[in-house]
Amino acid sequence: MSRFLATTVHISAAILTKSRPQLHLSSPIFFPPHFTSVTYYCRPKLHRSISVRAVDSSSDTKSDDVLSENQEDKSEFKSEFDNNGSLRGDGDYPSGEFEFESPGAWKSFVVKLRMLIAYPWQRVRKGSVLEMKLRGQISDQVKTRFSSGLSLPQICENLIKAAYDPRISGVYLHIETLNCGWGKIEEIRRHILDFRKSGKFIIGYAPTWSEKEYYLGCACEELYAPPSAYFSLYGLSAQASFLGGVLEKVGVQPQVQRIGKYKSAGDQLMRKNISEENREVLTTLVDNIYGNWVDKISQAKGKKKEDIESFINDGVYQVEKLKEDGWITDIKYDDEVTSMLKTKLGIVEEKKLPVVDYKKYSRVRKWTLGLSGGRDRIAVIRASGSISRVRGPFSSPSSGIIAEQFIEKIRTVRESKRYKAVIIRIDSPGGDALASDLMWREIRLLAASKPVIASMVDVAASGGYYMAMAAQTILSENLTLTGSIGVVTGKFNLGKLYERIGFNKEIISKGRYAELTAADQRPFSPDEEKLFAESAQNSYKQFRNKAAFSRSMSVDKMEEIAQGRVWTGNDAASRGLVDAIGGFSRAVAIAKQMANIPQDKQVTLVELSKSSPSLPEILSGIGSSVIGIDTTLKQLLDGLTSSDGVQARMDGIMFQRSEGSSFANPIFDVLKDYLSSL
């Protein structure tokens, strides 16, 4: 037995701007087999310090022995940790809060000069109103001029530009039913409130809305609705759908291994009702979202929380009641609001209100308004959608996160000296576990050479969190869905279905486990089932242990908060899964701090965005809707099964009037198409 039952090792790695570090943090550190609990503490600065604690579990006796310590690194260590050795808190990071500063005479002159030389499609009439229609899906990707739909970064950038643009008098927001998560809603609401600091007006008009849309509308200076408005302020709910009974009737037997008692991905295939663990998670999520909504509305409208909850529980459906109780400013049609804006701007009724729409204003460059131009560059890499390792035959640039493409971008940034820091925006429920791990590795290598900040949007769970935990600092919105540290894999036994439709399959194999995933016409044999379960358990342990390593946590502590459980951003932050609460502007502020760039200094944000889809890719996407039964079944299984099909994926949680269906499980759609073809 080893005489040293516990050992603490301090390793110093000087991370210099123009020199290679002596030790990469991503390099493996090996311990004797009897060392079973390892805790790593690592945070980046000019000098990086790692504290490694290895505990011999063969005895209850524990002692610490410092092998080496560098006094210079000691001060750096303390700057990242508090006196108790805990990671520094949210308050230690810059807030990134927007502060409007009126431009001086010289800057105003330069801006006017740049406006004169701007391209015709970038020019805006003086006294214009920026009109934006917020409706439907909102992507976190930057859109090109040929792309359709709304882009979160462009919505937010337009509001910032409009605040400083002397040609813009105010903003007129049309708010209708939105299909996005609360992370994006929070980001937009923050920018609406920031815009109001400029002193310009921002008016909201909402013909159809519920809690999510009102959350944005009440942040406006004034909010109007037509007398026939469709609205519902009745509270929030979450749905969990189950196909167990349906699959049983059609002769499909799911054989799924999901590791983590809260890992509900797979439940919709196996179960006929909700599990207690899933009910616990969904109840907590609904409570958190509802509580946040009531708090923010209470602050915005100056009402007591009890009065807001009473209003919701009364089931109000008359628009007049909304005006009477101060929920909206007035009842007006769109043309009446337009006439009101003309009066506000001193425009006679016969003349047309000068407006510039969202798409045209998105072409106005920040440089024209003096809002960019810093020499220091920060790379922004956006990762949205489900995770896959390589592009499939029907993939397009909008087909989620393709690991091989993402890795190319990461390597390009790592090898370039142009960028002082990197922000990775993650909006993903997860996907392929291998792809997630490969990206984790590349992000770790990138983080060894320059600051990396992970900024979560609506959801960064399971494989999405796998990516984020490789960064030195993780930010999320307070209602981002994250965590879900667990894995799921499985196959379907289609024997009864094949029998019903007259289909037969014979397999000739060599090797004890050769038919492990190939034989979909029969269930697992006992040996196959054991191997399958052990393989899934091994994948979970790798994920959990890397999460513990990345978050400077013991494996036992990580196990308590892993188990496949989904957390909101606030809850994740209180448990050490997230470092700070905030959006993109705070991520930029933290990136500046970590790269030793003064907060008041402008930087250039370089978007490494996706390319536009080509014509063949568009046509191939159309072709995917005319597939046969065999291909349909294969798509149904692709989410869970393949030779290496372990999934780090969060279940497609559906929130009525709260979460939207951006990340609902595609298996439901495929199964629906299949059943309709029978």
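Structure first, text after, so check above.
Residues numbered from 1 in each chain as written. Predicted model: local features only at pLDDT ≥ 70, side-chain atom pairs only at ≥ 80, totals over all residues. Heavy atoms only, no water.

What about the overall build of the protein?
Here is step 1 of the chain: Broken down by element type, the protein carries 23 helices and 28 strands.
Here is step 2 of the chain: Here the protein holds 678 residues, and 51% of them are scored as buried.
Here is step 3 of the chain: Intrachain contacts of the protein at a sequence separation of at least 6 include 75% that bridge at least 24 residues.
Here is step 4 of the chain: With the model as given, the accessible surface of the protein reaches about 31300 Å², and the carbon-plus-sulfur share is 50%. (Helix = DSSP H or I, 4+ residues; strand = E, 2+ residues; numbered from the N terminus. Buried < 20%, exposed > 50% of the residue type's maximum accessible area, 1.4 Å probe, protein only. Contact = heavy atoms within 4.5 Å. Areas by Shrake-Rupley, 256 points an atom, 1.4 Å probe, with all protein chains shown as cover.)

Things to note about a positive patch on the surface
Here is step 1 of the chain: On the surface, R145, K359, K360 and R363 cluster together to form a positively charged patch.
Here is step 2 of the chain: Topologically, K360 is positioned in helix 12 (residues 358-361).
Here is step 3 of the chain: Relative accessible area serves as the criterion here: at 36%, K360 is assigned to the partly exposed category. (Patch = residues over 30% accessible without salt bridge, like charges linked within 9 Å, V, L, I, M, F, W, Y side chains within 5 Å. Salt bridge = Lys/Arg side-chain N within 4 Å of Asp/Glu carboxyl O. Lys, Arg positive; Asp, Glu negative; His and termini not counted. Charge placed at Lys NZ, Arg CZ, Asp CG, Glu CD.)

Describing a nonpolar patch on the surface
Here is step 1 of the chain: On the surface, a nonpolar cluster with roughly 720 Å² of combined accessible area is contributed by W106, F109, L113, L116, I117 and W367.
Here is step 2 of the chain: Checked against the element boundaries, W106 lands in helix 2 (residues 105-116).

Details of unusual backbone geometry
Here is step 1 of the chain: For S462, which is not glycine, the phi torsion reads 55° and is therefore positive.
Here is step 2 of the chain: Within the secondary structure layout, S462 lies in the loop between strand 20 (452-461) and helix 15 (463-468).
Here is step 3 of the chain: Judged by its relative accessible area of 0%, S462 is buried.
Here is step 4 of the chain: For N596, which is not glycine, the phi torsion reads 60° and is therefore positive.
Here is step 5 of the chain: Summarising the element assignment, N596 is placed in the loop between helix 20 (584-594) and strand 26 (604-607).

Structural notes on helix 3 (residues 152-164)
Here is step 1 of the chain: When the terminal C-alpha atoms of helix 3 are compared, their 19 Å separation across 13 residues agrees well with the 18 Å that a helix rising 1.5 Å per residue should span.
Here is step 2 of the chain: Burial analysis of helix 3 places 11 of its 13 residues in the buried class, the great majority of the element.
Here is step 3 of the chain: Along helix 3, the positions that sit buried rather than exposed are L152, P153, Q154, I155, C156, N158, L159, K161, A162, A163 and Y164. (Expected span 1.5 Å × (residues − 1).)

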